[in-house]
Amino acid sequence: MSVFAMLFPLFRRRFGALALTLLLSAIALAAGTALLGTSGWFITATALTTLGLGFNLFVPSALVRAFSFIRILARYGERFVGHNATLRLLSDLRGWLFAALFPRLPLSDRSIRHGDLVSRLTADVDALDVAFLVAIGPMLGAVIIGTGMTAVLAWFLPEAAIIYALALGCAILLVPAALIVVSRRFGRAAISAAADTRVAIYDAIGGHADLTLLGILGTTHRRFAGGAQNLLDRRLTLAALTTAATAAVQILAAIALTGTLWQGLVAYTDGTIDAAVLVGLVLAVIGSFEATTVIVRSVSKAAAALAAAERLTNLANLPAAIVEPRQPISFPLDQPIAFSDVHFSYKGGAPVLRGVSLTIRPGERIAITGPSGGGKSTLLRLLLRLNEAQSGTLRLGKVPLERIASADLHAHVALLSQDSPVFIDTVRNNLRIAQPLADDAALWAALEAARLDTFVASLPEGLDTLIGEAGRTLSAGQMRRLSLARTLLSNAPVILLDEPTNALDRANELGFFETLAAATAGRTLIMVTHADIPEGTVDRVMEMRDGRLV
């Protein structure tokens, strides 16, 4: 039910296109069934009719051509409309998922690793493309055609209609339902095994250098091979179950065909049905089972899709990282930032901050140094409300941070982290992340403040030059300056820097600090760093030791 509640609003948004797809699918199935039945009746009637009596060839031959064209056009239209609707549905699903996920970042559930998160955002969403295209649509189409065929048989062969309805009903509903129940556990296992395989690839690629230096590539390969074999076993099990279900459907089709032929021969012997009509009905029964083979083939995918939908639902239902205030309070600008006896520890971990108290005046620039793991970056996370302190208070002026809307807070406080990303896009769009409506004058001003304007002006297309993946077309120093320019473009009065010179050599580091001192003039600056800070860069330096500021 939780999966249905997730998907129903998205399906409702595309109801028109999906309904048209269903209609075209039903028309294609009906035309195929009618084509086979009409052809059988036409050929049989022609063979049984003597030359002296004559036979009207025009009408049945025209019907055969008409049903052929209708089937071709309806099938093409179904594919075109159905695939378009499905792609739009997946786009809606991704938008819904990101909207649901962002308020939950950072994820409180530490069991969801980066590779697993990537798998959910990509492969699990893609697995849902079968939900309508090859599962719901063919099943509903088969129900419609089966109902119509049962009505036709009830008119000509009432006894055969009962046999046919029972056989087709089992093929459309009972066999797929049984397959879903049986394969659901294996579908979950297959999705989980596929996610584990992707996580292993993600970790191995990210840690390739360390794995090579430690000489454990063989161990990693064997572990990955074991995971891949586990995935193969799960998928082979699903394939075996699908094969068994297909065999069951074929048996049901044979029962429907045999029952129709048996009752038809009885009726023909009694003289209540024409031979040509009987052949047409038998062939139409065969044609009406066309949709059932598609349904069975898709059920195993539907089981995996259901498991994927459950994983997405679980991700979207994680508790929010931060609870927004019901009645947020606005706050005046140019107010001091105050930490008062703040204590914090990550879930299940040792205390990180132990009674931190700190007041930062408007426009003041401070640096916080200390060993790794001492709690320096945690201070910045608390100030951005990416985490909540267990005790103590944080204030902007006299307003507690928890009474301020996150959007207002993030407009007031900007962060340049040690791993601030540079995206595969133009220089212009990388900058406009901070201010989407910024004009070229504002972009060049931010680049000038970060001392990157001369370099960007020398690029072939200036602001419209495309930056490679992860900024690989830029040097490390240029990437940091571009990230700084983006941070400055936000116009936030408070700038937070988390190891801003990470991975820079000393010459680039000194150049960055020189740029920073001029670019942030008049703004409040809080910088966490291990670097040796040049004189005049900040107003005061504090050290974090064992969760306390010195």
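Reference entry: report on the structure contained in this document. The model shown is predicted, which means the values in this text are computed figures rather than measured ones. (Residues numbered from 1 in each chain as written. Predicted model: local features only at pLDDT ≥ 70, side-chain atom pairs only at ≥ 80, totals over all residues. Heavy atoms only, no water.)

**Section: the sheet that holds strand 5 (residues 399-400)**
Pairing within the open sheet is antiparallel, and its four strands lie in the order 2-1-4-5. The open sheet has two edge strands, strand 2 (351-360) and strand 5, and neither has a second partner. Two elements, strand 1 (residues 337-345) and strand 4 (residues 391-396), share five bridges in a ladder whose sense is antiparallel. Paired with H343 across the two strands is S391, which belongs to strand 4. Helix 11 (residues 376-383) rests against strand 1, strand 2 and strand 4 of the sheet, and its axis sits at about 115° to strand 1. (Pairing = 2+ DSSP bridges. Helix = DSSP H or I, 4+ residues; strand = E, 2+ residues; numbered from the N terminus. Contact = heavy atoms within 4.5 Å. Axes fitted to C-alpha atoms, helices over the stretch in contact; angles between N-to-C directions.)

**As for the sheet that holds strand 9 (residues 540-545)**
Strand pairs in the sheet, formed through backbone hydrogen bonds, run parallel or antiparallel to each other. Ordered by their spatial adjacency, six strands build an open sheet running 6-7-8-3-9-10, and the pairing between neighbours is mixed. Taken across any chain shown, the strands that pair with only one partner, and hence form the sheet edges, are strand 6 (413-416) and strand 10 (548-549). One ladder, built from two bridges, connects strand 9 with strand 10; its direction is antiparallel. Along strand 10, the bridge assignment pairs M544 with L549. Together, strand 3 (365-369), strand 6, strand 7 (494-498) and strand 8 (524-528) form the strand contacts of helix 17 (residues 506-519), whose direction differs from that of strand 8 by roughly 155°.

**So, the side chain of S420**
Relative to the helices and strands, S420 resides in the loop between strand 6 and helix 13 (427-431). Polar side-chain contacts of S420 include one of 2.9 Å to the backbone nitrogen of S417. S420 has contacts with R480, S483 and R486, leaving out every residue within four places of it along the chain. (Polar contact = N/O pair within 3.5 Å; in protein donor to acceptor, adjacent residues only side chain to side chain.)

**So, the packing of helix 2 (residues 15-48) against helix 3 (residues 58-101)**
Close contact between helix 2 and helix 3 brings their axes to 8 Å; oriented N to C, the two are set at 155°. Our classification of the angle between helix 2 and helix 3 gives roughly antiparallel. Crossing geometry of helix 2 relative to helix 3 is assigned as left-handed. Counted by class, the contact of helix 2 with helix 3 contains 20 nonpolar, nine polar and three charged residues. (Parallel < 35°, antiparallel > 145°, perpendicular 65-115°, else oblique. Left-handed = near helix turned anticlockwise from the far one by under 90°. Nonpolar A, V, L, I, M, F, W, Y, C, P; charged D, E, K, R; others polar.)

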